[in-house]
Amino acid sequence: MKNFSSLSEIKASLKTGTLSCATLVEHYLKNIEEHKHLNAFLEVYTEEARLQAQRVDEKLRLGTAGRLAGLVVGLKDVLCLQDKGLQASSKILDGFISQFTGTAVQRLLDEDAIIIGRQNCDEFAMGSSNENSAFGPVRNAADPDRVPGGSSGGSAVAVQADLCQVSLGTDTGGSVRQPAAFTGLVGFKPSYGRISRWGLLAYASSFDVIGIFAKSIEDCALVLEVMAGPDEYDSTATQLEVPAYTQKLDRGNAKYKVAYIKNTLESEGLSAAVKQRTVEKLRWLEEQGHTVEAVDFPLLDYMLPTYYILTTAEASSNLSRFDGVRYGYRSPNADSLESMYKLTRSEGFGAEVKRRIMLGTFVLSASYYDAYYTKAQKVRRLIKEATQALLGTYDFLVMPTTPTTAFKLGEHTEDPLEMYLADIFTVHANLCGIPAISLPNGTDSSGLPVGIQIVADLYQEDKLLAFSQYLQGAAT
Ligand code: GLN
C-alpha cells in the first residue's frame with residue numbers, strides 16, 4: 001500500500017472505494033509488526049483498532065462519518081485512554097490503567113479517528129534521545145544505529161516508518177520538534193494552553209503542551225482544529241475561540257518580516273550542515289521578497305539553565321505522587337513504611353528522572369529557593385518580554401531546530417549536560433509559551449534529516465501554519 005502523505009489523500013481513496021479503514025488498519029498493523037526492531041510501540045490496540053475501523057467504514061457508508069474518518073493515530077505513553085495501560089515509559093507505573101480518556105484524545109475519537117496504540121518515549125518525557133525509557137531505546141528508521149530524538153521518539157518514528165498517519169506527542173522543551181527534526185517530519189507545538197492538558201501526565205505543568213507529528217501541514221492544522229479550545233477540566237486552557245486553521249492555510253501573497261537570532265547561527269555546537277541548510281533557507285526567503293534580518297538576543301545563554309531549573313522544580317513536585325501507595329509499582333523489598341517509600345521510588349524511577357527530582361528538590365529547598373527558583377522565574381519573564389518585543393517587530397523567528405542531526409545511540413548518555421544541549425533552540429518557545437514548528441529542511445551529507453524551526457507570537461498558530469505550508473510547498 002502506498003505511503004499516504006495526508007489525510008485528504010486517504011479520504012480520496014476511501015471515497016473512490018479503493019481503500020477502506022479496515023484495510024488501512026491492517027496495513028499499519030503489518031507495518032508495526034515488520035518494524036518491531038524500531039521499538040516505537042509499547043502496546044498495539046489490534047482488536048480495538050479493527051473494531052473502530054469497521055465502525056468508521058459503516059459510518060462512511062451511511063454518510064455520517066466525522067472529520068477524522070480514515071485517520072489512524074498513535075499516542076505517546078503519557079496520554080490517557082480509558083481502560084488502557086499508561087506508564088510514561090516508567091517502571092513506577094507498572095500495571096497502571098487509565099480510568100478516563102483525556103480531552104484532546106476524546107475530541108479525536110469524537111471525530112472518528114482510530115487509535116492504534118501507545119508509543120515509547122523517554123521516562124516521564126525527560127530526555128532528548130528516547131534512551132531513558134524503561135522499555136529500551138527507540139531507533140531512528142533513517143539509521144537504526146541512531147536515536148530518533150526525544151522525548152517523543154516512538155511517536156516520531158511511528159509516523160516516519162508509516163506505522164500510523166499522525167502521532168500525538170508532548171512538548172515541554174522540544175520533545176515534538178526535536179524528534180521531528182531527527183526523523184524528517186513536521187513537528188508542531190501549539191501555544192501553551194491552546195490544547196487542554198486534561199489527561200496528560202504532567203512533567204512540568206507550566207511548560208507542557210500536547211503536540212502533533214505529521215507528514216503534512218494540512219494534517220497538523222486539522223488535528224489542531226479538532227483538539228484545541230476551552231475545557232472545563234483545565235483552567236489553563238485558553239477561552240479564545242479556535243480559528244478554522246484548515247481554511248486559513250493560504251497566505252495569499254503576504255510578505256513577511258523574519259528575524260534570525262545571530263547567536264543561534266554562531267553557536268559553538270552547531271554542525272556545518274545544519275548551519276548551511278538554515279542559511280540557505282533564509283537566503284531563499286530573502287530572494288522571495290521577505291524581509292530577513294539578523295537580531296541580537298543576549299539572553300540565549302540563559303535559556304537552558306532557566307528551563308532546567310524551572311522544569312526540574314515542577315517535576316519534583318509533580319512526581320511526588322508516585323510513591324507505591326495507591327497504584328503502580330511497589331517495592332517487594334520493604335520492611336517498614338519509610339523503606340516502602342524509599343525503595344519504591346529508588347527502584348521504580350530511572351536515573352535521569354531521579355537526577356531531575358533531586359535537582360528540582362534542591363532548587364526549591366529553603367536555603368536555595370531565591371538563588372535558583374525565584375531567579376529563574378525572573379529570567380523567564382525577561383526572556384518572554386524580550387521575545388515579545390521581537391515578535392512585535394517581526395512576524396516570525398527562524399532558527400535551526402537542533403544543533404546537529406540525529407546522533408548515535410549511546411553517544412551522549414555519559415554526559416547529561418551534552419544531552420541537554422540538544423534542546424538549546426527549542427526550549428525558547430516553551431519558556432515563552434508561544435507556538436513553534438519544525439519543518440523538514442533537507443538532509444546532511446549522510447542523508448540524515450535536518451529540521452528548521454519557525455516561531456510565532458502567542459496564539460498565532462493560524463499564521464504559523466500558513467507560513468509553514470508555503471515553506472513546505474516551496475521548491476527550495
Ligand atoms: N529534552 C527536553 C527535556 O529533557 C524536553 C523534554 C520534553 O519536551 N518533554 O526536558
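To start, this report covers the structure provided alongside it. Predicted, not measured: the structure shown is a model, and the values here were computed from it.

**With respect to the nonpolar core**
One finds F124, L168, I212 and L465 to be the most contacted residues of the largest nonpolar core, which totals 141 residues. Per element, the largest residue contribution to this core is nine residues, and it comes from helix α10 (residues 300-318). Among the nonpolar cores identified, the runner-up in size contains six residues, and V147, F182, F407 and M419 belong to it.

**Observations regarding the site of the ligand**
T172, G173, S175, Y203 and Y307 are the nearest of the 15 residues found near the ligand. The separation between a nitrogen atom of the ligand and a polar main-chain atom of G127 is 2.8 Å. Here S175 contributes a side-chain N or O atom positioned 2.7 Å from an oxygen atom of the ligand. Across the complex, the protein chains shield 100% of the 290 Å² of accessible surface that the ligand would expose by itself.

**Examining the pattern of salt bridges**
When their charged atoms lie close together, side chains carrying opposite charge are able to pair. Scanning the entire structure with this criterion turns up 23 salt bridges. The residue K248 makes a salt bridge to D462 at a minimum N-O spacing of 2.9 Å. Linking K248 in the loop between α7 (217-227) and β7 (257-261) with D462 in helix α16 (residues 461-473), this pair joins segments that are 214 residues apart in sequence. Between K262 and D296 there is a salt bridge; the shortest N-O distance is 3.3 Å. Linking K262 in helix α8 (residues 262-265) with D296 in the loop between β8 (291-295) and α10, this pair joins segments that are 34 residues apart in sequence. According to the relative accessible area criterion, K262 is partly exposed, its value standing at 32%.

**Remarks on a negative patch on the surface**
Together, E411, E414, D415 and E418 line one region of the surface with negative charge. Structurally, the position occupied by E414 is in the loop between β9 (396-400) and α14 (416-420). Judged by its relative accessible area of 73%, E414 falls in the exposed class.

**Regarding the side chain of T387**
Position of T387 relative to the elements: it lies in helix α13 (residues 370-393). Exposure remark for T387: the relative accessible area of 1% places this residue in the buried category. One polar contact links the side chain of T387 to the main-chain carbonyl oxygen of I383, over a distance of 2.6 Å. Of note is the side chain of T387, whose polar atom sits 2.8 Å from the side chain of H428. With residues near it in sequence (within four places) discarded, T387 still touches F297, L397, H428, C432 and I434.

**Details of helix α3 (residues 46-62)**
Spanning 17 residues, α3 covers 25 Å between terminal C-alpha atoms, matching the ideal 24 Å at 1.5 Å per step. Among all positions in α3, only A49, Q52, A53, V56 and D57 are buried. Looking straight down α3, one finds its buried side chains confined to an arc of 145°; they lie on one side. Exposed and oriented more than 90 degrees from the buried face of α3 are Q54, R61 and L62. Each element contacted by the buried residues of α3 is listed here: α2 (21-34), α4 (103-110) and β3 (114-119). Residue G63 follows α3 closely and has a positive phi angle near 75°.

Definitions and cut-offs
Residues numbered from 1 in each chain as written. Predicted model: local features only at pLDDT ≥ 70, side-chain atom pairs only at ≥ 80, totals over all residues. Heavy atoms only, no water. Core = buried A, V, L, I, M, F, W, Y, C linked by side-chain atoms within 4.5 Å. Buried < 20%, exposed > 50% of the residue type's maximum accessible area, 1.4 Å probe, protein only. Helix = DSSP H or I, 4+ residues; strand = E, 2+ residues; numbered from the N terminus. Near = heavy atom within 4 Å. Polar contact = N/O pair within 3.5 Å; in protein donor to acceptor, adjacent residues only side chain to side chain. Areas by Shrake-Rupley, 256 points an atom, 1.4 Å probe, with all protein chains shown as cover. Salt bridge = Lys/Arg side-chain N within 4 Å of Asp/Glu carboxyl O. Patch = residues over 30% accessible without salt bridge, like charges linked within 9 Å, V, L, I, M, F, W, Y side chains within 5 Å. Lys, Arg positive; Asp, Glu negative; His and termini not counted. Charge placed at Lys NZ, Arg CZ, Asp CG, Glu CD. Contact = heavy atoms within 4.5 Å. Expected span 1.5 Å × (residues − 1). Arc of directions from axis to C-beta.

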